[in-house]
Structure formats: structure tokens, C-alpha cells
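A look at the structure
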Amino acid sequence: MSTPTIDRERSGERIRRDVQTLAGPEYTLSSEAIRRYAYTDVYRATLDYFTRAWQELGFTVTEDPIGNLVARNRPPGEPVFGVGSHCDSNRNGGKWDGTLGVVSALEVCRCNAELGLDLPLQAISFLEEEGSGFGQMVLGSRIVAGRVSEQELRERIRAIDDGRPFWEHAEEAGYNPERWQQCAHILDDLTGWIELHIEQARVLQDTGRRLGVVNAIAGYVHGDITITGRADHAGATPMDMRRDSAVVAGEAIIELERLARAARSGTVGTVGEIEVSPGLINAIPGRTRISLDVRGPDDDAVHQVVRDVDQFAQRAAAERQMTATYGQRQTVPATPLDDRLVAALEAAAAETGEQFTTMISGAAHDTMCVAERVPSAMLFVPCRDGLSHTPEEDADPADAALGVQVMLGAIHSMARRSAKS
Ligand code: HGY
Ligand code: MN
Ligand code: MN
């Protein structure tokens, strides 16, 4: 049976409509950016939007004990192919990051029904991929993968807004965090998994490609260095009596950039958060916290950079009679993706006649946590000038419709192959 062909114009229009609707005021906490995260009413409204849409297709929609959304067209226990992403957003987010992947998964399900393919499908929208609610990226999929501890969920992982534990917020939102280990079961029936996502850089755009087949995802370490000095008076304290923690933070920020460049092998690093206390113009910073985001395809190089910048900060602090301490938030290893599924996506992309690039993802994705148990791959579409994690983020629904065609082609060919075996 030949590869199913979708009506890309109709799919593009539905994708545009879904993404545009979910950028509306009832789906974001901010009027300047898309801002939605776990257990907020705007996030609930977003899940409800997708729930209605999948129910209209005859899918059974459930949410696992902490709020990962699952929609499937087969009874539990039957094998299904997985598609999806996340529909929470960065705190300064755009309307395409994540949400486009869930909308495209919905569109795959629509086309599957319209073409009468009856492919067995399960869609997942993972909770808290961005970490905008609790400062922990890919939290929902890490819970599914068992990459968190109960102590972290009960105690250590706390809401950015009010400092209360994840566990409490999950209970208040009506979920059952005490059953968090059952979340693993949402992957049990998956024969494969594909996540469509915007590239979040501009390799595709600058090389005139509309499709990127992702065969690996860079690993990362998230952590914080806190430097402790003295919060003295900014005017009265002579320079040689100061313990200015922001100075050491500045030295560490420059050192991180130097170390990441020197590490090569695609290693990158940045300080995205700088928190100064007491944070007053006329008070010397007694305490400064800098966040570390270090990533790359080579886990050893990434962890070496983190160790080196931690040692550097401790030495620089000690030289000025201060202290520096490092705390790791989380780490996810570099993730190779499934060769057969990558090849199926490449073949389906080639069939469209579009040129494509096979590439590594520098950004993290829930697929990193799915790939441990399920043969997985990703498909990128361009975003304008590589802009992401900003309200200026933009993409073309026609590219996403092309992506849906490729996803459906790959899933269809995998289904045909397993039927023959
Ligand atoms: O930051 C990331 O890699 C993802 O977009 N949350
Ligand atoms: Mn994302
Ligand atoms: Mn993101």
C-alpha cells in the first residue's frame, strides 16, 4: 500500500487555527508572551482544548497521576505508535515551542481518521517540559522515566511562584502524586515515538531546508553557583574591606564562556539567571546566585566544564575571603535516537521531494526521556531566524503540515513493516 497523502493545505489551515487559538488570552498568563505552566488555569484550559479535540476524533483521553495528558484510539494494553510533545511554555515563551508538536500530533490523528488508515495511535502532552512552574525542565517526562526521586517531588522541587513543593501543587490541582511511579505506564504500549518541534536555531532556515530529521539530542546539566560575601553599605565601606559576591559571579560567568569554547565538541554554556541579594543599588551584594546551563553531545565534556567552573568559583571566592557553593538541579544525558525510525523519517521526507537535513538537537526535549524505553526520533521544522523562548518566535504552518505528512508516512511504513514481520 502506497504512502498515504494528506491534504497539506487543509492540515496547514487547521494547524494555524489551533496554534493561533492557543495564543489567545485565555491560554496565557501574560499579555506580552505565551506563559503557561503546570497547574495554572490557563494550562488547564489548554489541556481541555486538546481533550475536546481528541474526544471529537473518538480518542479516549486520560491524565496520569501528575497530569501528563494521554489520548489513544486503542484500548489499554494494545500496541500503539506515540506522537506528541508539550504544551506548557517558557515564561517568556512563543506560541510554537512545544505546542506545535502537540497540535501536529493532533493533526496526525485527524489525518489518520480522514484517510481511514486506522493506525493505532497514542498522543502524549508532557507536563512541565520548560520548567516554568518549578524550575525543572522535562519534569513530566522525567517522572515517567523514573528520573526523579520521591524526596525531590515531596520536598526539593518547589514552585517558582510561591516556593511550595511540587507535591502540594499536584494535590491541589486534583492529581495523585503519591501514585507518581505509575506514570511510567503511559509508555508501556508504545511501539515507537515521534516528536515534531521547531528547530529553535536557524540551521534549517539558513540552508533553505523545511525539514530536519533529528538523530540525537544533546545532554545537559542545570545547576546553580551561590557566592556568599557581605552585604555592606555601598558608600561607607572602603574597597579593601568589601566582600562583593557579584564580582566573583562576574568572573565565573566569563570563565564559563571560556571553558565552553575550549571544550569544543559542540559544548555550550550560559548563565541565564543572576540573582543578587539584597539587590539594592546602595548595598554591596552579600549573596549572588548564577544558574548554569551547560549542554552538548559529549557528556564527559559537559560535566568537565561544570566541575571546572565550580572549582574556579570556589578559588576566586576564597581569594576574596568569600565562599562559593555549587548545587546541581538536574542532568539528562545525551540521547542517541532510533536508527530505524530516523531512516523511516528520512525516507518519508525524501518521498515529499523536499530536501532535509539529518541533525542533532541542541535543545532538550521530552523525547530524551521517552527514548530510554521506546524507539524514538524527532522531526524539526524551521522557526524564523531561529528565534525561540521569546514572543517573537514564529513558524510556518505549511512547514508543520509537511511535517505531519512525513510523520504519517513514517508511522505508516513502520506499521506495514511490523505487519509483515
Ligand atoms: O531549554 C530547552 O532545551 C527546552 O526548550 N526546554
Ligand atoms: Mn520545547
Ligand atoms: Mn523550550
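See the structure shown above.
Described in the following lines is the structure provided in the data block. (Residues numbered from 1 in each chain as written. Chains lettered and ligands numbered in written order. Predicted model: local features only at pLDDT ≥ 70, side-chain atom pairs only at ≥ 80, totals over all residues. Heavy atoms only, no water.)

1. Points about the overall build of the protein chain
The secondary structure content of the protein chain amounts to twelve helices and 14 strands. Against the 2.2 N^0.38 benchmark of 22 Å for 421 residues, the protein chain shows a C-alpha radius of gyration of 23 Å, consistent with a compact globule. In terms of overall dimensions, the protein chain has C-alpha extents of about 80 × 45 × 40 Å along its principal axes. Taken over 421 residues, the protein chain has a buried fraction of 56%. When contacts within the protein chain are restricted to residue pairs at least 6 apart in sequence, long-range pairs at least 24 apart make up 78% of them. Taken as a whole, the protein chain presents about 17,300 Å² of accessible surface, with 50% of it coming from carbon and sulfur. Each charge class in the protein chain was averaged separately, 43 positive and 63 negative side chains, and the resulting centres sit 1 Å apart. (Helix = DSSP H or I, 4+ residues; strand = E, 2+ residues; numbered from the N terminus. Rg over C-alpha atoms; globule rule 2.2 N^0.38 Å. Buried < 20%, exposed > 50% of the residue type's maximum accessible area, 1.4 Å probe, protein only. Contact = heavy atoms within 4.5 Å. Areas by Shrake-Rupley, 256 points an atom, 1.4 Å probe, with all protein chains shown as cover. Lys, Arg positive; Asp, Glu negative; His and termini not counted. Charge placed at Lys NZ, Arg CZ, Asp CG, Glu CD.)

2. Observations regarding the side chain of Arg242
With respect to the helices and strands, the residue Arg242 is situated in the loop between β7 (219-228) and α8 (245-263). Among the polar contacts listed, one links the side chain of Arg242 to the backbone oxygen of Ala234, at a separation of 2.7 Å. Ignoring any residue separated from it by four or fewer positions in sequence, one finds Arg242 in contact with His233, Ala234, Gly235, Thr237 and Ile284. (Polar contact = N/O pair within 3.5 Å; in protein donor to acceptor, adjacent residues only side chain to side chain.)

3. A few points about the pattern of salt bridges
Summed over all chains, the structure comprises 35 salt bridges. For Glu273, the salt bridge goes to Arg289, with nearest N and O atoms at 2.9 Å. Remark: Arg289 occurs in strand β10 (residues 287-296) and Glu273 occurs in the loop between β8 (268-270) and β9 (274-277); sequence separation between them is 16 residues. Between Asp385 and Arg384 there is a salt bridge whose closest N-O contact spans 3.9 Å. Of the residues examined, Arg384 reaches a relative accessible area of 38% and is grouped as partly exposed. Three or more residues are tied together by salt bridges with common partners; here these are Arg10, Arg14, Arg17, Asp18, Glu107, Arg110 and Glu114. (Salt bridge = Lys/Arg side-chain N within 4 Å of Asp/Glu carboxyl O.)

4. Considerations on the coordination of the manganese ion (ligand 2)
Here the manganese ion (ligand 2) is held by His86 (NE2), Asp97 (OD) and His197 (NE2), and the distances to it run 2.1 to 2.2 Å. Between the donor residues of the manganese ion (ligand 2), the gaps in sequence give the motif H-x10-D-x99-H. Between the manganese ion (ligand 2) and the manganese ion (ligand 3) the interatomic distance comes to 3.4 Å, and Asp97 is a ligand of both metals. Residue His86 is located in strand β3 (residues 80-86), and its partner Asp97 is located in the loop between β3 and α3 (99-114); the two are separated by eleven residues in the primary sequence. Side by side, His86 and Asp97 carry an identical accessibility label, which is buried. (Donors = N, O, S within 2.8 Å, 3.2 Å for Na, K, Ca; no water.)

5. Here's the deal with the coordination of the manganese ion (ligand 3)
Those protein atoms acting as donors to the manganese ion (ligand 3) are Asp97 (OD), Glu130 (OE) and His389 (NE2), and they sit at 2.0 to 2.2 Å. One chain supplies every donor for the manganese ion (ligand 3), spaced along it as D-x32-E-x258-H. Relative accessible area serves as the criterion here: at 33%, His389 is assigned to the partly exposed category.

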